[in-house]
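The primary structure of each chain is shown beneath.
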Amino acid sequence: MRYLLLDDRVVEDARNAELVLGTIEKQAANPLFGEDRPWEQRFDNLYANVLYDDEEEIYKCWYSPFVVDHSSRGMTLGQRRQLEYRPPPNREMAICYATSKDGLAWYKPELGIVEYDGSKANNIVRGGGDQARRGGPHGSGILKDPRERDPNRRYKAFFKSEVISVAFSADGVHWGPTIPRAQADSSGDTHNNAFWAPTLERYVAITRQWGKPSGRQVARTSSADFVDWEEPRIVLQGLDENEQTYAMPVFFHGGVYMGLVAVHDQDADRVWGELAWSPDTENWHRILPGTPLIPNGREEGDYDWGCVFPAAGPVFLEDEIRLYYGGSDGLHTSWRNGFLCLATLRPDGFAGYKASDISEAALVTTAAVCDPKFPLRVSSDVAEGGKVVLRVLGQGRRVLAESEPLTTTGSDAPVRWRDDGAWLASETGRARLQFAFEGATVYSFSCEVAD
């Protein structure tokens, strides 16, 4: 069982410690791909859905360009500033498909499915041409569902057509008909995304509504079968009309639901990616609102200077978490080129507690379910000269056991106890832990539980 310290249900109190976001590293190969096909007129927000397929051992990406729009390719910054961008009235969006062996070099196959400009030699899997003019798809969220027993419904899509709709596929490339779901209809003009919520045993979808005082609002609906959906309900919104919650891909990790919130600054007309969490997909907590988890580039014209739109969802590798995102080099409502980009985090490195100054920090957890017969493991960053010491606390916070110091950075590093007998004497299997640390950031701990 894993416990993330960003979850305030896990932390009873903290002294001389502050919750901080993890350190993002942007991939040196960025941008990974751009608008390099004739039908990729404008990535706009990309709305990427990325997964690593263990069965086929490849990365897969579904993304949604406008296939009818004004392109910014070849324009200088000066030309962009002089000419106002106005989207055409016949704008059309489609879903495109790309694959990769390593998640860095991407291939856009010629699928022969959808005709564009008189040819099917493209990677469009849905939309475009007559299909787009009939009302969709917009902001598609796509998942591969390992729980699904019907092979023709292994891949699922949730998107806005004339109304919120779903579709199914056996391979993620050849899709069945659009199935309108009017009862779940919403504005939906965003990255709609859906996922299986294991603690609820239901599918949950995140979409968008509009309202006062915050403009763009994150809405939620759920379904037992991916066909019959509830009426959407608002679950997150900005504090005012200036910083609006544009989209929020969601995934389950470490016992909580994590949201990658795209926040649109109306005044600056830029978008960045923040972090939020929820115990139940309905009650959301933004971590350090206004502070990006994925920051924008520094200079106008950088591939992600104007906008950062997190993809659904992260890819968890043994040594890192991969956060794909759509980046663009210009302002949200202006001329801009779009790209698929990648940022990485250390394992369990979304957010953790850092010592506020050079003196020792202390953090006490709520009672955690731990079996003392199995090792306790900790994920932390430890600077040179720093350390993390764990203590098991009994009644009245009496120390039952103390660990040897952890003095190096590690992911799921095993804790070695100075007195195993005292730890075994914790009779209930539920104990409070104290982290005493300096020169370090602590992210999570995990314990095995006997069946």
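Parameters at a glance
Residues numbered from 1 in each chain as written. Predicted model: local features only at pLDDT ≥ 70, side-chain atom pairs only at ≥ 80, totals over all residues. Heavy atoms only, no water. Helix = DSSP H or I, 4+ residues; strand = E, 2+ residues; numbered from the N terminus. Rg over C-alpha atoms; globule rule 2.2 N^0.38 Å. Buried < 20%, exposed > 50% of the residue type's maximum accessible area, 1.4 Å probe, protein only. Pairing = 2+ DSSP bridges. Contact = heavy atoms within 4.5 Å. pLDDT = per-residue confidence, 0-100. Disulfide = S-S within 2.5 Å. Axes fitted to C-alpha atoms, helices over the stretch in contact; angles between N-to-C directions.

**Section: the overall build of the protein**
Here is step 1: Check the secondary structure of the protein and you find 3 helices and 35 strands.
Here is step 2: For a compact globule of 451 residues, the expected C-alpha radius of gyration is about 22 Å, and the protein comes in at 23 Å, within 12% of that figure.
Here is step 3: If one aligns the C-alpha atoms of the protein with their principal axes, the spans along those axes are about 75 × 50 × 45 Å.
Here is step 4: Counting the 451 residues in the protein, one finds 58% classified as buried.

**Examining the pairing of strand E14 (residues 164–169)**
Here is step 1: Among the 6 residues in E14, 6 count as buried, and that is most of the element.
Here is step 2: The sheet contact formed by strand E13 (residues 155–160) and E14 spans 6 bridges and is antiparallel. Across the sheet, Phe159 pairs through a bridge with Ser165, a residue of E14.
Here is step 3: Hairpin geometry of E13 and E14 is characterised by an intervening segment of 3 residues between the two adjacent antiparallel strands.

**Thoughts on the environment of Gly172**
Here is step 1: Summarising the element assignment, Gly172 is placed in the loop between E14 and strand E15 (179–180).
Here is step 2: Separated by 75 residues in sequence, Gly172 and Tyr97 place their C-alpha atoms 8.8 Å apart.
Here is step 3: With near-sequence residues (within four places) excluded, Gly172 lies in contact with Trp62 and Tyr155.

**Description of the confidence of the model for the protein**
Here is step 1: This prediction gives the protein a mean pLDDT of 93; 95% of its residues lie at or above 70.
Here is step 2: Low pLDDT (under 50) marks residues 130–134, which in the prediction has 7 contacts with non-local residues, meaning those over four places away or in another chain.

**Remarks on the state of the cysteines**
Here is step 1: For the structure shown, the criterion picks out 0 disulfides.
Here is step 2: Cys96 carries a free sulfur, and the closest cysteine sulfur to it, the one in Cys61, is 9.6 Å from it.
Here is step 3: Judged by relative accessible area, which is 0%, Cys96 ranks as buried.
Here is step 4: Its sulfur unpaired, Cys341 is 11 Å from the next cysteine sulfur, which belongs to Cys61.
Here is step 5: Under the relative-accessibility criterion, Cys341 is labelled buried at 0%.

**Considerations on the sheet that holds strand E18 (residues 215–223)**
Here is step 1: As summarised here, the arrangement of the 4 strands in space is E16-E17-E18-E19, forming an open sheet in which the pairing is antiparallel. Looking at the sheet topology across the chains shown, the edges are occupied by strand E16 (193–197) and strand E19 (233–237). Shown here is a sheet whose adjacent strand axes are inclined to one another by a mean of 35 degrees, direction ignored.
Here is step 2: The pairing of E18 with E19 spans 4 bridges and is classified as antiparallel. In the strand pairing of E19, Val218 is matched with Leu236.

**Quick look at the pairing of strand E28 (residues 338–345)**
Here is step 1: Along E28, 8 of the 8 residues are buried, which leaves the element largely enclosed by surrounding structure.
Here is step 2: Burial of E28 is two-sided: the residues Gly338, Leu340, Leu342 and Thr344 facing one way and the residues Phe339, Cys341, Ala343 and Leu345 facing the other way are all buried.
Here is step 3: Relative to E28, strand E4 (residues 25–26) is paired through 2 bridges, and the arrangement is antiparallel. Across the sheet, the residue bridging to Glu25 is Thr344, located in E28.
Here is step 4: Pairing of strand E5 (residues 33–34) with E28 involves 2 bridges; the strand directions are antiparallel. What sits directly across from Gly34, in E28, is Phe339.
Here is step 5: One ladder, built from 8 bridges, connects strand E27 (residues 321–328) with E28; its direction is antiparallel. Across the sheet, residue Tyr324 finds its bridge partner in E28, namely Leu342.

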